[in-house]
Amino acid sequence: MMRLAWIALAAGTLMAGQDNTFLLRNATVYPVSGPKIENATILVVDGKIVEVGVKVTPPKGKIKIVEGKGLQVYPGMIDSGSPIGLSEISSVRETNDVGELGDFNPQLRSIIAVNPESEHIPVVRANGITSVMVLPGGGNGLVYGQISLMHLSGWTWEEMEIRRGAALQMRWPTYSMGGRGGGGGGGRGGAAGGGMAEAKRVHDQQVKLIQEFFEQSRAYQLAKVAGTPGLKPELKFEAMIPVLEGKLPVMITVAREREIKEAVEWATKEKLKVVLAGVRRPGKMTEELAKRNIPVILGSTFEVPLEDDDPYDEPFSLPGELQKAGVKIAFASFGVQFARNLPYQAAQAVPFGLPYDEALKSVTLNAAEIWGVADQYGSIEKGKWADLIVTDGDPLEVKTSVRMMFVKGEPVDLESKHTRLYKKYLARP
Amino acid sequence: MRILLIGAWSAAFCLTAGFAQDVTVIQNATIHTVTKGTMKGSIVIRDGKIAEVGEKVMTPSGARVIDAAGKHVIPGIIDCHTHIAVDAINEGSVSVSSMVGVGDVVNSEGKDIYRALAGGVTTANVLHGSANAIGGKNVLLKMRWGKDADALVFQEALPSIKFALGENPKRAGQATGFQAPGAQQNLRYPGTRMGVEDVIREAFLRAQEYQKEWKAYEAKKSKGEAALPPRRDLQMEPLVEVLEGKRLVHAHCYRADEILMLLRVAEEFHFKIATLQHVLEGYKLAKEIAAAGVGASTFSDWWSYKVEAYDAIPYNAAIMHKKGVLVSLNSDDAGGAELMRRLNTEAGKMMKYGGLTEDEALAMITINPAKQLKIDQYVGSIEAGKQADLVIYDKDPLSIYSKVEKVFIDGNQYFDREKDLEERPKQDARKKGLLEKEKETEKRNAPLSRRPS
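Summarised in this report is the structure supplied together with it.

Here is what the cut-offs are and how they apply
- The residue count restarts for each chain, going from 1 along the sequence in the order it is written.
- Chain letters and ligand numbers both follow the written order, the letters beginning at A and the numbers at 1.
- The predicted origin of the model limits local features to residues at a pLDDT of at least 70 and limits the giving and counting of side-chain atom pairs to 80 or more, whereas totals for whole chains, interfaces and linings rest on all residues.
- To obtain the side-chain values, all non-hydrogen atoms of the structure were included, while hydrogens and water were left out.
- Each helix is a run of DSSP H or I of at least 4 residues and each strand a run of E of at least 2, with the numbering of both proceeding from the N terminus.
- C-alpha atoms define the radius of gyration, and 2.2 Å times the number of residues to the power 0.38 defines the globule rule.
- The classification of residues rests on relative accessible area computed with a 1.4 Å probe and restricted to protein chains. Under 20% of the type maximum is buried, over 50% is exposed, and intermediate values are partly exposed.
- For this analysis, residues touch if any pair of their heavy atoms sits within 4.5 Å.
- Only the protein chains shown count as cover for residues, and the accessible areas themselves come from Shrake-Rupley with a 1.4 Å probe.
- In this tally Asp and Glu are treated as negative and Lys and Arg as positive; neither His nor the chain ends contributes.
- Positions of charges follow a simple convention, taking NZ of Lys, CZ of Arg, CG of Asp or CD of Glu.
- Only the contacting stretch of a helix is used when fitting its axis, a line to C-alpha atoms as for every element, and angles between N-to-C directions run 0 to 180 degrees.
- Small angles under 35 degrees read as roughly parallel and large ones over 145 as roughly antiparallel, with 65 to 115 read as roughly perpendicular and the rest as oblique.
- Helix crossings are classified by the rotation of the near helix relative to the far one: an anticlockwise turn of less than a right angle makes the crossing left-handed, while a clockwise turn makes it right-handed.
- Asp, Glu, Lys and Arg are counted as charged, while Ala, Val, Leu, Ile, Met, Phe, Trp, Tyr, Cys and Pro are counted as nonpolar; the rest, among them Gly, fall into the polar class.
- Here a strand pair is declared whenever DSSP counts at least two bridges between the two strands.
- Paired rings are identified among Phe, Tyr and Trp, the last through its six-membered ring, by centres lying within 6.5 Å, and are further divided according to the angle between planes into stacked (under 30 degrees), edge-to-face (over 60) and tilted (the rest).
- In this scheme, Lys NZ or Arg CZ marks a charge over a ring once it lies within 6 Å of the ring centre and within 35 degrees of the ring normal.
- Here the quantity called buried area is the accessible surface, traced with a 1.4 Å probe, that two parts lose on coming together, added over both.
- Basic side-chain nitrogens of Lys or Arg form a salt bridge, by our definition, when they fall within 4 Å of a carboxyl oxygen of Asp or Glu.
- We call two N or O atoms a polar contact when they sit within 3.5 Å, provided that within protein one can donate a hydrogen and the other can accept it, with sequence-adjacent residues counted only if both atoms are side-chain atoms.
- A clockwise path from the first strand over the helix to the second, with the strands pointing away from the viewer, defines a right-handed crossover.
- Here the expected length of a helix is defined as 1.5 Å per residue gap, with one fewer gap than residues.
- Take the seven residues that end at a residue and the seven that start at it, fit an axis to each, and the angle between those axes is the bend at that residue.

Moving on, we get to the overall build of chain B. Along the backbone of chain B there are 13 helices and 17 strands. A compact globule built from 453 residues should have a C-alpha radius of gyration of about 22 Å, and chain B, at 25 Å, falls within 12% of that. In terms of principal-axis extent, the alpha carbons of chain B reach across some 85 × 60 × 60 Å. Burial analysis of chain B (453 residues in total) assigns 58% to the buried set. A sequence separation of at least 24 residues applies to 69% of the contacts in chain B between residues at least 6 apart. As displayed, chain B has an accessible area near 18800 Å², and 52% of this comes from carbon and sulfur atoms. Where the 61 positive side-chain charges of chain B centre and where its 59 negative ones centre are 3 Å apart.

So, on to the packing of helix α5 (residues 193-222) of chain B against helix α7 (residues 256-268) of chain B. All names here are of chain B. At a closest axis distance of 11 Å, the pairing of α5 and α7 adopts a crossing angle of 20°. In terms of orientation, α5 and α7 fall into the roughly parallel class. Where α5 crosses over α7, the handedness of that crossing is right-handed. Contact residues: R193, V196, E197, I200 and R201 in α5; D257, E258, M261, L262, V265 and E268 in α7. Taken together, the residues of the contact of α5 with α7 sort by class into five nonpolar, no polar and six charged.

Moving on, we get to the packing of helix α4 (residues 195-225) of chain A against helix α5 (residues 235-244) of chain A. All names here are of chain A. Relative to each other, α4 and α5 sit at 90°, their axes nearing to 9 Å. When the interaxial angle is binned, α4 and α5 end up roughly perpendicular. Taken together, the residues of α5 that come into contact with α4 (itself represented by F213, F214, Q216, S217, R218, Y220, Q221 and K224) are K236, F237, E238, M240, I241, V243 and L244. Each residue belonging to the contact of α4 with α5 can be placed in one class, and the counts come to eight nonpolar, three polar and four charged.

It is worth spelling out the sheet that holds strand β9 (residues 139-142) of chain B at this point. All names here are of chain B. One open sheet holds the three strands; their spatial order is β6-β7-β9, and the pairing between them is mixed. Of all the strands in the sheet, just β6 (77-82) and β9 have a single pairing partner and so form its edges. Strand-to-strand, the axes of this sheet are offset by a mean angle of 20°, without reference to chain direction. In the sheet, strand β7 (residues 121-126) pairs with β9 via four bridges, with the strands oriented antiparallel. Among the inter-strand pairings, V126 is bridged to a residue of β9, identified as V139.

Looking now at the packing of aromatic side chains. Within a pair of aromatic rings, the relevant descriptors are the distance that separates the centres and the angle that separates the planes. Under the definition given, this model contains 29 aromatic pairs over all chains. With centroids separated by 5.8 Å and ring planes inclined at 65°, the aromatic side chains of Y114(B) and F415(B) adopt a geometry described as edge-to-face. Note that Y114(B) is positioned in helix α2 (residues 111-118) and F415(B) in strand β17 (residues 412-416), a separation of 301 residues in sequence. F415(B) carries the same exposure label as Y114(B), and that label is buried. Taking the ring centre of W385(A) as reference, the NZ or CZ of K408(A) above it sits at 4.4 Å.

Okay, the sheet that holds strand β13 (residues 329-331) of chain A next. Residue and element names in this part refer to chain A. Pairing is mixed across the open sheet formed by eight strands, whose spatial order is β6-β7-β8-β9-β10-β11-β12-β13. Each edge of the open sheet carries a strand with a single partner, namely β6 (77-82) and β13. When strand polarity is set aside, the average angle formed by the axes of neighbouring strands in this sheet is 30°. Note: strand β9 (residues 161-171) against strand β10 (residues 250-253), four bridges, orientation parallel. Its bridge partner being in β10, R171 is matched across the sheet by T253. Sheet strands in contact with helix α6 (residues 257-269) are β9, β10 and β11 (274-277), and its direction is about 165° off that of β11.

The partner chain A presents 49 residues to the 55 residues of chain B that form the contact. Interface area for chain B against chain A, summed over the two sides, is near 4700 Å², with a carbon-plus-sulfur share of 53%. It is W303(B), I400(B) and Y401(B) in chain B that bury the most area against chain A; as a group they hold 17% of the surface buried on that side. Put simply, R417(B) and D313(A) hold a salt bridge, and the shortest N to O gap is 2.8 Å. One can count 34 residue pairs in polar contact (both at pLDDT 80 or more) joining chain B with chain A. Where the side of chain B that touches chain A is concerned, the elements lending two or more residues are α1 (2-16), α2, α8 (286-292), α9 (316-322), α10 (343-352) and α13 (417-445) of chain B.

For the coordinates displayed, the defined rule picks out 59 salt bridges over all chains. Its salt-bridge partner being R164(A), residue E161(A) comes within 3.1 Å of it at the nearest N-O pair. Judged by its relative accessible area of 23%, E161(A) is partly exposed. Assessed through its relative accessible area of 25%, R164(A) is described here as partly exposed. A salt bridge links R201(B) to E268(B); the nearest nitrogen and oxygen atoms lie 2.9 Å apart. Linking R201(B) in helix α5 with E268(B) in helix α7, this pair joins segments that are 67 residues apart in sequence. Classification of R201(B) by relative accessible area gives partly exposed; the value is 33%. Take E268(B): its relative accessible area is 37%, and that puts it in the partly exposed class.

Turning to unusual backbone geometry, a few remarks are in order. Glycine aside, the phi torsion of most residues is negative, and most peptide linkages are trans. Residues and elements named next belong to chain B. Put simply, Y189 and P190 share a cis peptide bond, and its omega is 5°. Looking at where P190 falls in the secondary structure, it is placed in the loop between α4 (167-171) and α5. Phi is positive for A337, close to 55°, though the residue is something other than glycine.

In this section: the pairing of strand β13 (residues 295-298) of chain B. All names here are of chain B. Burial along β13 is two-sided: the face carrying G295 and S297 and the face carrying A296 and T298 are both buried. Relative to β13, strand β12 (residues 275-278) runs parallel, the two sharing three bridges. The partner of L276 across the bridge, within β13, is A296. Between the parallel elements β12 and β13, the chain passes through α8 in a crossover that is right-handed.

Glancing now at the environment of V240(B). Residues and elements named next belong to chain B. Tracing the chain through its elements places V240 in helix α6 (residues 237-243). Here the alpha-carbon distance between V240 and I200, two residues 40 residues apart in the chain, equals 13 Å. Every residue in contact with V240, bar those within four places of it in the chain, is listed here: A207, Y210 and Q211.

Right, let's talk about the environment of Y401(B) for a bit. Examined against the element boundaries, Y401(B) turns out to sit in the loop between β15 (390-393) and β16 (404-409). Sequence separation between Y401(B) and T345(B) is 56 residues; the distance between their C-alpha atoms is 9.2 Å. Contacts of Y401(B), omitting those with residues within four sequence positions, involve A347(A), V350(A), P351(A), Y356(A), D394(A), L396(A), E397(A), D394(B) and K395(B). Among the polar contacts listed, one links the side chain of Y401(B) to the side chain of D394(A), at a separation of 2.5 Å.

A few words now on the side chain of T366(B). Residue and element names in this part refer to chain B. Examined against the element boundaries, T366 turns out to sit in the loop between α11 (358-363) and α12 (367-372). When its relative accessible area of 0% is taken as the criterion, T366 is described as buried. Look past the residues within four positions of T366 in its chain and what remains in contact with it is V34, P75, G76, I78 and G380.

With that out of the way, let us pick up α13(B). All names here are of chain B. Between the first and last C-alpha of α13 there are 41 Å, a value that for 29 residues agrees with the 42 Å anticipated at 1.5 Å per step. Of all bends in α13, the biggest is about 35°, found at R424, and the proline P425 comes one to four residues later. When α13 is considered as a whole, its buried residues turn out to be R417, D420, E423, R424 and Q427. The backbone nitrogen of E418 has a side-chain oxygen 2.9 Å away, supplied by the residue at the start of α13, namely D416.

What follows is the structure in structure tokens.
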């Protein structure tokens, strides 16, 4: 109650009623779920979209007006994987909370370690990204933990939370001859110098560990369902129950055809709801992914080709090839430093075959669908939360600036450490 | 095996690209000259140089005509900071490694050359690494894919050398808690920013002494007196060239304090820094950098990857530019040539981060780096008399939706997207054939598993 009073005071006389109730008018609206609407108005009440269209009846009484003349409105973008909030300065260990020790950590929940004051958060959202799948892991483990879906706005991680456990993050073992596995995860070296035979031995051993862990988890699940007396609670196995029930998606990092085939066959046998991440060389598995409705989270297009004799534009053309084959794609920055460039990752694929509308979907509605929140986020539609960005142009284009942002209808500050330093030093006498 | 495949590939491509030194005319294009505005018109290329640029030009009979209606032409992109096409980057065992140079280890078969070319880069400054306060000598290359190492070198350019300040050069001087006790004995001075300054000052004091010895010798010799030449010092020679303005200095730096230090040390020893590289806190010191007449070559939006990059802002280039510093944008690519393929959109970002105009943004990857490298009389803009290093884009080159279609260096076409696409199936077939041959060879050479009993 006290809190509400303060907000009303702070809002002053500018608006009547709540901050998250307003009429955004005279803008060109790109709902993503449908064609663009010129001269449109969006009515937002208590943070939710109540009406979108050319003719919108404003509610009775005073309402805050947001002028959108000459501007464009899009749904806020979703980064399908970044350790933002868990990693501040990548080279300084003390500022990193990514990648817990141990092979199997399904009980870990990334959001509880998010620093809401991270300087990265305002920097990333300034480019139109309103929510992120926060990755707990990377590196040597196998099952890293639970990915949380959160808003890039809020005083505490609890206020930022959209879904604490939105997916389980794991990686599929690679046949790695010392180098990294590619994509978002990378692999445990192990086989350096040992050649293919050693690489296979390490791979097989890790696959066996994964199979055993899932078997144990199933045994626990069955024992629990059966009400086996004396069963002691075990956090790791508890966390696996929604995964085994096919309710919680599993995001598996896997780059190449051979490993993709193994991972998909294994996940199908285990009846898991699977999403692949960091795919680089799907080969003949592309059709299979489309057939089985397995979505793919692509990493950055800003990579060099995997092999020296690959076409120079291989990372640019992959998104279009997957989309054309019928695979649902979304993008993830898989990092923090360049997370603000998520829209450009998608756009880079457009001149190399990805249709523009699909690029826009891949950072909005597709992501919401893949992570099971499309009833509330991902497009500008009646009944959804008002996660909106107001821009002076196409948000996937590098020249465009985001002018306003709303998260659940609340206006979000677009200033950051970067704009503060800019203003300060531009004004230096 | 891998090298074999690339070799086959490059040879095949060269055959399909035209290398005739005759006249080419690019017609009906939107021409971004960078220095003289943007126009719809044509470019005449003769003997590797731009002969004429204008809205209306005479097309000489027999000229090869490229219709570029709807397309955009910009000067070849110049990347002021890369580590591509070399087999080694750092000689990090000493604090002053001016006796070595990356020009000695150029790998002309590095695929990064072709990838950079496919991104519109025609000239790349290939630098020694940042492991030492005074690093090795650099080499400036043109992306003449298919030519040998010597033929890649930008002949007209001045030689240069790398300096480095801050975290990288002091890294080898800092023991970490995880090192074995014995490892401390291998620490290399300097371990602090104070030490970095000292290394540079000590080195230039020695260079001044060395210069004096030679001057004294030359003086005696010119008077006809008997004199013994000083023993050549390969470490000091490049530094004397710096003192004499014959060798450019490209200095890796991050924080404002260390940048200011270097500006003052250069004043003390009366030499000039050509460019501050990375210079991520340059925006805090723009006034001093501008006053010293020193160039700045930076990133568009990199930050937070280390402590000295935590105050980096994407407005760095814009602030420095607005305060009178000559600014370029670079990739710092090593090995892969990733960012080199899209320096055009890195420049495009500057229209958002600081509100630069199209020409100002484009200048940061063309004429500005050319000026910084003192090659602006040869390249960096589309003007008659300059070398015909040109890139044809299908759309606005500063847009993320554009792609490179053709690239010319010295008037020769080194990249053609259509030909690249055409080549791919042939390339795949060649690779398949080679792999089959390899299998056969392996079979033939395999030890006999069954021996007659």
